[in-house]
Amino acid sequence: ELKVEQNPLFLSMQEGKNYTIYCNYSTTSDRLYWYRQDPGKSLESLFVLLSNGAVKQEGRLMASLDTKARLSTLHITAAVHDLSATYFCAVDMSGYGNKLVFGAGTILRVKS
Amino acid sequence: ETGVTQSPTHLIKTRGQQVTLRCSSQSGHNTVSWYQQALGQGPQFIFQYYREEENGRGNFPPRFSGLQFPNYSSELNVNALELDDSALYLCASSLGPWAFFGQGTRLTVV
């Protein structure tokens, strides 16, 4: 059974600081997703990583994937308050069909 | 806006009742997946439909069932509602590697 673990589960940051969220998964997969969720809202797609060594960047967020280590990271650079949200990583069970297993989520709070 | 719409947005039902949730996929997307997200948790995969056939199921009992229609819209039906079924239900449509989520239906069972 595929398991996805995120850490930390809660992260309180000062504006301007850098931090990394980690996502480990238990079985082989080369398709990993990162989503953002604001309170009471749906999931917003951030990144899809499709191969070993993939790196994607959008604004202050950068995601990477190491399929051999079964590890993805979401790096936050110079955090701003607007990044406060819950971040989920998800791994595709099927490899092609978007049957996703999600981590528990990381609640990010950026303090002014 | 993802182009995936769900209805209703909120719903309150009594334990033992039945409920139908609806999802309109993004145009051209032939795959739809349903997820249950309990409060404070990550979404859990319920099942997926591809071209009107069930194409994989998560660890949910048979009282969770679904349909996909020729226009690729979809329904999630839950019979004999239990209190633990209270959650946000999300559908996601996909074509290729991206899955786009609707805004969700918040179901409360009392």
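Cut-offs used in this document
Residues numbered from 1 in each chain as written. Chains lettered and ligands numbered in written order. Predicted model: local features only at pLDDT ≥ 70, side-chain atom pairs only at ≥ 80, totals over all residues. Heavy atoms only, no water. Phe/Tyr/Trp six-rings, centres within 6.5 Å; stacked < 30°, edge-to-face > 60°. Helix = DSSP H or I, 4+ residues; strand = E, 2+ residues; numbered from the N terminus. Buried < 20%, exposed > 50% of the residue type's maximum accessible area, 1.4 Å probe, protein only. Salt bridge = Lys/Arg side-chain N within 4 Å of Asp/Glu carboxyl O. Disulfide = S-S within 2.5 Å. Pairing = 2+ DSSP bridges. Axes fitted to C-alpha atoms, helices over the stretch in contact; angles between N-to-C directions. Contact = heavy atoms within 4.5 Å. Buried area = accessible area lost by both parts, 1.4 Å probe. Polar contact = N/O pair within 3.5 Å; in protein donor to acceptor, adjacent residues only side chain to side chain. Nonpolar A, V, L, I, M, F, W, Y, C, P; charged D, E, K, R; others polar.

## Some words on the packing of aromatic side chains
What the rule picks out here adds up to ten aromatic pairs over all chains. A ring pair is formed by F102 of chain A and F101 of chain B, whose centres lie 6.2 Å apart and whose planes are at 75°; its orientation type is edge-to-face. Taken as a pair, F102 of chain A in strand β10 (residues 100-102) and F101 of chain B in strand β10 (residues 99-101) lie in two separate chains rather than in one. For the ring pair Y35 of chain B and F45 of chain B, a centre distance of 5.7 Å and an interplane angle of 65° mean the geometry is edge-to-face. Highlighted residues: Y35 of chain B in strand β4 (residues 31-37) and F45 of chain B in strand β5 (residues 44-50), separated in sequence by ten residues. One exposure class covers both Y35 of chain B and F45 of chain B, and it is buried.

## Topic: the pattern of salt bridges
All names here are of chain B. One pass over the structure, following the stated rule, counts seven salt bridges over all chains. With its nearest N and O atoms 3.3 Å apart, the salt bridge here joins R63 to E82. Of this pair, R63 sits in the loop between β6 (53-57) and β7 (64-68) while E82 sits in the loop between β8 (74-78) and β9 (87-94), and the two are 19 residues apart along the sequence. Note that R63 and D85 form a salt bridge whose closest N and O atoms lie 2.8 Å from each other. Here R63 is found in the loop between β6 and β7, whereas its partner D85 is found in the loop between β8 and β9, with 22 residues between them in sequence. Connected through salt bridges with shared partners, the residues R63, E82 and D85 form a single ionic network.

## Some details on the state of the cysteines
Applying the stated criterion across every chain yields a total of two disulfides over all chains. At a sulfur-sulfur separation of 2.0 Å, the disulfide partner of C23 of chain A is C89 of chain A. Handedness here is read from the sign of the S-S torsion; for C23 of chain A and C89 of chain A, about 80°, the answer is right-handed. With C23 of chain A in strand β3 (residues 19-25) and C89 of chain A in strand β9 (residues 85-92), this residue pair connects regions lying 66 residues apart in the sequence. Looking at C23 of chain A, the relative accessible area reads 0%, which means it is buried. Looking at C89 of chain A, the relative accessible area reads 0%, which means it is buried. Paired by a disulfide, C23 of chain B and C91 of chain B hold their sulfur atoms 1.9 Å apart. The disulfide joining C23 of chain B to C91 of chain B has a torsion of about 70° about its S-S bond and is therefore right-handed. Taken together, the residues C23 of chain B in strand β3 (residues 19-24) and C91 of chain B in strand β9 connect sequence positions 68 residues apart.

## Structural notes on the sheet that holds strand β7 (residues 61-66) of chain A
Strands belonging to one sheet form pairs held by backbone hydrogen bonds; the direction of such a pair is parallel or antiparallel. Residues and elements named next belong to chain A. What the five strands build is an open sheet, ordered β1-β3-β8-β7-β6; its pairing is antiparallel. Each edge of the sheet is formed by a strand with only one pairing partner; in this case those strands are β1 (4-7) and β6 (55-58). With direction set aside, neighbouring strand axes in the sheet form an average angle of 15°. In terms of strand pairing, β6 meets β7 through four bridges, oriented antiparallel.

## Concerning the interface of chain A and chain B
Contact with chain A, which involves 21 residues of that partner, is made by 22 residues of chain B. A buried area of about 1,600 Å², summed over both sides, lies between chain A and chain B, and 56% of it is on carbon and sulfur atoms. Looking at the side of chain A facing chain B, the largest losses of area belong to S42, N98 and K99 of chain A, adding up to 30% of the total buried there. At the boundary of chain A with chain B, the tally comes to zero salt bridges. The interface formed by chain A and chain B includes six residue pairs in polar contact (both at pLDDT 80 or more). Of the residues forming the side of chain A that touches chain B, the biggest block, five residues, is contributed by strand β5 (residues 43-49) of chain A. For the side of chain A that touches chain B, the class distribution of residues is twelve nonpolar, six polar and three charged.

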